[in-house]
Amino acid sequence: MSAPILDIARTKVLEGGEGLSEAELLEVLTIPDEHLQDLLDLAHQVRIRHCGVEVSLEGIISLKTGGCPEDCHFCSQSGLFESPVRSVTLNIAELVEAAKQSEKMGASEFCIVAAVKGPTQNLLDQVREAITAITAEVDISISASLGILTREQAAQLRAMGVSRYNHNFETARSFFPNVVTTHTWQDRKNTLEFVRAEGMETCCGGIIGLGETLEQRAEFATQLAAVEPHEVPMNFLDPRPGTPFADRPLVPQGEALRAVAAFRLAMPTAQLRFAGGTELALGDDGTEAGLLGGANAIIGGNYLTTLGRPIERDRALVDKIAPRRNLGITPIEETIKAL
């Protein structure tokens, strides 16, 4: 017998293209084990119907690592914690080489990140120089993540050629003060509004497993859906030494897969991208299940301060699942484009 929430999601999300409500998402997050595979199959069908068959691979690099003045409790880049990460700034040649390697492995997007509360004009000038150098040698879309922006700073980034800006909510608004105290959830929302107003796509997600309840996880998904992000990075907590969350447990695989499906059923048209901690919470088999259970994008290779799988393995995983995605939903699946 099918779980009632699956029948609701099939009608509302798959057929109607409407995201589930917060209460409905909580049902998804607590669905019994015997219905988990059915849930993942449905989430995959939603992804195929409303996003298409492509799986996106993205490279990411930190222009400035460490020394951040913020106190995000999960992050080893904070200068307020006794973590092993130290401040490092890359030069332009290193950024260009990283972009070339991302393109070589089939990535369509390259994200430049800096560990700052918000960019100074000097940092924006560095980013402009980097983008000019990268686009002169590499055919790849450029995105950025530089913290909290003013409207004028968002306009500068758009003029540089940044097509997408990442600024994660990280967690539900009700749980946010337990995670960050040096800025507010609303500060982040304001930045997203500036980005959208300047014509850039928005990338906004967060981290599963910070200590939030399942109710707050459902709240988080609906709050993300409300800002209609083009891309949603799904991170799973990788507890970092020296941070306040160093002793938090890893998210169990089944719980992580339920979260993937819930995010897809909350945001049927968004690009749902696996990011940091995926290899810990899901492993290779779970990552494959997640790509057949609602996700349609991966950050390939290493992340900012943690090691992911080699990007070659991420590429191989995408190639591996391509012939297995034909679930008889639409004829287009027989001509799958993997990247």
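Source: prediction; values computed, not measured. (Residues numbered from 1 in each chain as written. Predicted model: local features only at pLDDT ≥ 70, side-chain atom pairs only at ≥ 80, totals over all residues. Heavy atoms only, no water.)

Attention now goes to the UniProt feature "binding site: [4Fe-4S] cluster" (unreviewed entry) in the protein. Listed under "binding site: [4Fe-4S] cluster" (unreviewed entry) in the UniProt record, and renumbered for this structure, are C68, C72 and C75. Within the secondary structure layout, C75 lies in the loop between β1 (56-65) and β2 (88-89). (UniProt positions renumbered as here; feature names shortened; annotations may be inferred. Helix = DSSP H or I, 4+ residues; strand = E, 2+ residues; numbered from the N terminus.)

Packing of helix α9 (residues 253-266) against helix α11 (residues 283-291) leaves a shortest axis separation of 10 Å and a crossing angle of 20°. Judged by the angle between their axes, α9 and α11 are roughly parallel. Seen from above, α9 lies across α11 with right-handed handedness. Across the interface between the two elements, Q253, L257 and V260 of α9 pack against D285, G286, A289 and G290 of α11. By residue class, the composition of the contact of α9 with α11 is 3 nonpolar, 3 polar and 1 charged. (Axes fitted to C-alpha atoms, helices over the stretch in contact; angles between N-to-C directions. Parallel < 35°, antiparallel > 145°, perpendicular 65-115°, else oblique. Left-handed = near helix turned anticlockwise from the far one by under 90°. Contact = heavy atoms within 4.5 Å. Nonpolar A, V, L, I, M, F, W, Y, C, P; charged D, E, K, R; others polar.)

Moving on to the environment of I48. With respect to the element layout, I48 can be found in helix α3 (residues 36-51). For I48 and L14, which are 34 residues apart along the polypeptide, the C-alpha to C-alpha distance reads 9.5 Å.

UniProt feature "binding site: [2Fe-2S] cluster" (unreviewed entry): in the numbering of this structure it lies at C111, S143, C203 and R273. Taking the farthest pair of C-alpha atoms as the criterion, the annotated set spanning 163 residues converges on one region, since that pair is 14.2 Å apart. Structurally, C111 is set in strand β3 (residues 109-114). We classify C111 as buried; its relative accessible area is 4%. Discounting chain neighbours no more than four positions away, the residues touching C111 are E58, G59, I60, I61, S143, A144 and S145. Mapped onto the secondary structure, C203 falls in strand β6 (residues 201-203). The contacts of C203, once residues within four sequence positions are left out, are R164, Y165, N166, H167, N168, L192, E231 and P233. (Buried < 20%, exposed > 50% of the residue type's maximum accessible area, 1.4 Å probe, protein only.)

On to unusual backbone geometry. The backbone phi angle of E170 is positive, close to 75°, even though this residue is not glycine. Tracing the chain through its elements places E170 in the loop between β5 (164-166) and α7 (185-197). E170 sits in the buried class, given a relative accessible area of 9%. Not every positive phi belongs to a glycine, and E228 is a case in point at roughly 50°. Structurally, the position occupied by E228 is in the loop between α8 (214-227) and β8 (231-236). Of the residues examined, E228 reaches a relative accessible area of 58% and is grouped as exposed.

Let us now look at helix α2 (residues 22-29). Every buried residue belonging to α2 is among E24, L25, V28 and L29, and all of these are buried. Buried positions in α2, seen along its axis, are confined to an arc of 145° and lie on one side of it. Where α2 is buried, its residues contact α1 (4-15), α3, α8 and α9. (Arc of directions from axis to C-beta.)

Of all hydrophobic cores here, the largest spans 62 residues; its most connected members are F236 and F263. Examining the composition of this core, we find that 9 residues originate from one element, α9, more than from any other. When residues no more than four places from it in sequence are discounted, the contact partners of F263 are I208, F220, A221, L224, V232, M234 and L272. Membership of the second largest hydrophobic core comes to 30 residues, among which are I61, L95, A107 and V116. (Core = buried A, V, L, I, M, F, W, Y, C linked by side-chain atoms within 4.5 Å.)

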